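# A closer look at the structure
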Amino acid sequence: MSDFAYVNARLHAEGVALEDLATEVGTPFYCYSTAAMESRCEAFARAFDGLPATVCYSVKANSNLAVLREMARHGAGADVVSGGELARALKAGMAPDKIVFSGVGKTAGEIDAALEAGIAQINVESESELVMVGERARAHGVDAAVALRVNPDVDADTHEKISTGKVEDKFGIDLPHAADLYARTAAMEGVTPVGLAVHIGSQLTRLDPFREAFSRIAALVHDLRESGLEVRRLDLGGGLGIVYDGETPPHIADYAALVREVIAPLGCELLFEPGRWLVGNAGVLVTRVIRIKEGLSRRFVVVDAGMNDLLRPALYDARHRILPLNETAPDAEESPADVVGPVCESGDSFAVARPLPPLAEGDLVAICSAGAYGAVMASTYNSRALVPEVMVRGKVHAVVRPRQDIDALLGLESVPGWQEADTD
Ligand SMILES: *Cc1c(COP(=O)(O)O)cnc(C)c1O
C-alpha cells in the first residue's frame, strides 16, 4: 500500500490528501490510486517477460470504466462474466481480440453479443453451453473460438465462497469428461476449440494448488495432442492472493516460475485473468465515524459506510486494515473496538474487537485494500445511495462515479395505476 501513505501525518493517495477528497465528495467514498495499478500491471508483465502472455483483467474485481481504461493502457484485455461486463470492456476501449467470456450461465443473448463483438474466445463451462454456442454461431454464420474451462478438482485452500475448482463447485467441465468433449468440439460445426481454461478460486495464498491444477492441465494437453487434437492456447485464470492484513501470498516471481516450469514447455499462447492482484491494494474506502457507542461488553465505532458499500467482511469474513486519516502518535494507546456500519443487520461489521487508536465522533478512517470486490459489490440496501469513486493520479484526482442521487434512485420506481387511483 505504498501509494497510500502518511505525508505530514495525513493519509494520502499518492499526492492527494484523502481528507481533502472527503471534504469535496463527502463520505463514504472509494479512492483508487493509478500508480498502484500501474506498478502491479508492470510487475505482472515483468514476471512473464519473454513468454507469449496476455493479461485479460478480471472485470468483476473492479469494473469502473476508468479502471478498465487504465488496464487497457497497460495492454490488458478483459475477462468478462456477463453481457454488461462485455459492454463495459468494449466501452473502455479494450480490444475484442483480448476479451474472453467466462461463467456458467451465459444466456443466448450474451453469447450473441460476444459473437457480434468478435471476442478472442468463449470459455465454455458445460456441454449444454457448447451446444448453444454452436447453434448461435451457425445462426450468425461465424465460427466461435472456444476454450473448455476445466474443473481440475483441486482444493484452492481459500474461503469456501471463493473456491471454484473442486468437483462440488459449479464451475468448469469435470476433468474426466474434458478430453472427450474437446474431441467432440473439434468435430462440431460453428465452434473451434482453441484451448483450455482453468480458474480454481480467488485469494489463493499458497502456490501448491496452482501447481496441482496446472499439472493436471498440462497432462490433459498431452493427452489431447496425442489424440491428434490441437491445443494452442491456455487460459490460466486469476486467483493470486494479496496482503490484506498479514497474509503471505506467493510472490509473483514464484508464480511465474511455476508457470515457466509446468506450462511454458507446452508452447501455448497464455492468457491470465488476474483481478484482485492488480487492483485490490489500489483502493481504499474512506468513511467517517458517526458515533461511538459504549456497550456493556464492547465499544462500537459506528461508521457511515456499511455492508452495502463493502460487502467482503459480511460475505467472506474478510479482514481489512483500518487506518485513521490523521496519523496517531506512536505512543497512543490502542484499545479494542468493533467497527460497524449503520445497516440494520448484525453482519454489518468491518472489524470485531480490533485494537484501534483513539477515535472520536467525526474522525475519518480508511478501510484498506478495498480496490477489488468493493464498489462492484455495492448495493442500495437500506435505500443507501451508491457512494462515489475517485481516481487519483499524482497530485490530481477525478470523480469517476458521482454519489448516486436518492431522488434518481426513487425515480426508477413507480406505483401501479390502480394504486394511484386510491390516493384521491
Ligand atoms: C473472479 C475470476 C477471476 C479473477 O479472480 P481474482 O482472484 O480476482 O484474480 C478470474 N477468472 C475467473 C473465471 C473468475 O471468475
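Residues numbered from 1 in each chain as written. Predicted model: local features only at pLDDT ≥ 70, side-chain atom pairs only at ≥ 80, totals over all residues. Heavy atoms only, no water.

Evaluated as defined, the whole model comprises ten aromatic pairs. Centroid distance Phe-44 to Trp-277: 5.9 Å. Interplanar angle 65 degrees. Geometry classified as edge-to-face. In this pair, Phe-44 sits in helix 2 (residues 34-47) while Trp-277 sits in helix 10 (residues 276-279), placing the two residues 233 residues apart along the sequence. Neither Phe-44 nor Trp-277 differs from the other in exposure class; each is buried. Put simply, the rings of Phe-44, Phe-48, Phe-210, Phe-214, Tyr-255, Phe-272 and Trp-277 touch in pairs and so form one group of aromatic residues. Sitting over the ring of Trp-277, Arg-40 keeps its end group 3.7 Å from the ring centre. (Phe/Tyr/Trp six-rings, centres within 6.5 Å; stacked < 30°, edge-to-face > 60°. Helix = DSSP H or I, 4+ residues; strand = E, 2+ residues; numbered from the N terminus. Buried < 20%, exposed > 50% of the residue type's maximum accessible area, 1.4 Å probe, protein only. Lys NZ or Arg CZ within 6 Å of the ring centre and 35° of its normal.)

Bringing the pairing of strand 9 (residues 144-151) into the picture now. Where a strand is regular, its side chains alternate between the two sheet faces. Counting buried residues in strand 9 gives seven out of eight residues, a clear majority hidden from the surface. Bridge count between strand 8 (residues 121-124) and strand 9: three bridges; the pairing is parallel. From the neighbouring strand, Val-124 faces strand 9, where its bridge partner is Leu-148. Handedness of the crossover joining strand 8 and strand 9 through helix 6 (residues 127-140) is recorded here as right-handed. Alignment of strand 9 against strand 11 (residues 191-197), held across six bridges, turns out to be parallel. Counted as the bridge partner of Arg-149 is Ala-197 from strand 11. The sheet contact formed by strand 9 and strand 10 (residues 173-174) spans two bridges and is parallel. By the bridge assignment for strand 10, Asn-151 is matched with Asp-174. (Pairing = 2+ DSSP bridges. Right-handed = clockwise from strand over helix to strand, strands pointing away.)

Under the domain assignment used here, the protein chain contains domain 1 (4-31 + 281-410) and domain 2 (34-279). Each of domain 1 and domain 2 was reduced to a C-alpha centroid, and the two centroids are 32 Å apart. Taken together, the 23 residues of domain 1 in the interface contact 24 residues of domain 2. For the pair domain 1 and domain 2, the summed buried surface comes to about 2100 Å²; carbon and sulfur atoms form 51% of the total. Counting across the interface, domain 1 meets domain 2 through one salt bridge. A salt bridge links Arg-319 to Asp-245, with the shortest nitrogen-to-oxygen separation between them at 2.6 Å. Linking domain 1 with domain 2 are eleven residue pairs in polar contact (both at pLDDT 80 or more), by the criterion used here. When contributions to the side of domain 1 that touches domain 2 are tallied by element, the ones reaching two or more residues are helix 11 (312-316), strand 20 (389-393) and strand 21 (396-401). Counting residues per element, the side of domain 1 that touches domain 2 draws most heavily on strand 20, which supplies four residues. Among the residues making up the side of domain 1 that touches domain 2, the classes are represented as nine nonpolar, six polar and eight charged. (Domains from an automatic or database assignment. Contact = heavy atoms within 4.5 Å. Buried area = accessible area lost by both parts, 1.4 Å probe. Salt bridge = Lys/Arg side-chain N within 4 Å of Asp/Glu carboxyl O. Polar contact = N/O pair within 3.5 Å; in protein donor to acceptor, adjacent residues only side chain to side chain. Nonpolar A, V, L, I, M, F, W, Y, C, P; charged D, E, K, R; others polar.)

For the rest of this paragraph, the subject is the sheet that holds strand 2 (residues 10-13). Taken in spatial order, the three strands line up as 1-2-3 in an open sheet, and their pairing is antiparallel. Lying at the two open borders of the sheet, with one neighbouring strand each, are strand 1 (4-7) and strand 3 (16-17). Inspection of the sheet shows strand 1 paired to strand 2 by four bridges, in the antiparallel sense. Paired with Phe-4 across the two strands is Ala-13, which belongs to strand 2.

The subject of this paragraph is the site of the ligand. Close to the ligand lie 15 residues; Lys-60, Ser-202, Glu-273, Arg-276 and Tyr-373 are nearest. Here a nitrogen atom of the ligand and a side-chain polar atom of Asp-79 are 3.2 Å apart. Between Glu-273 and the ligand, the recorded distance is 2.5 Å, taken from a side-chain N or O atom to a nitrogen atom. Taken by itself the ligand offers 390 Å² of open surface, and the protein chains cover 95% of this. Here the ligand is seated within the largest pocket. (Near = heavy atom within 4 Å. Areas by Shrake-Rupley, 256 points an atom, 1.4 Å probe, with all protein chains shown as cover. 1 Å grid on protein atoms, 1.4 Å probe; cavity = no way out; pocket = protein on both sides within 12 Å on 5 of 7 lines; lining within 4 Å. Sits in = over half its atoms within 2 Å of the grid points.)

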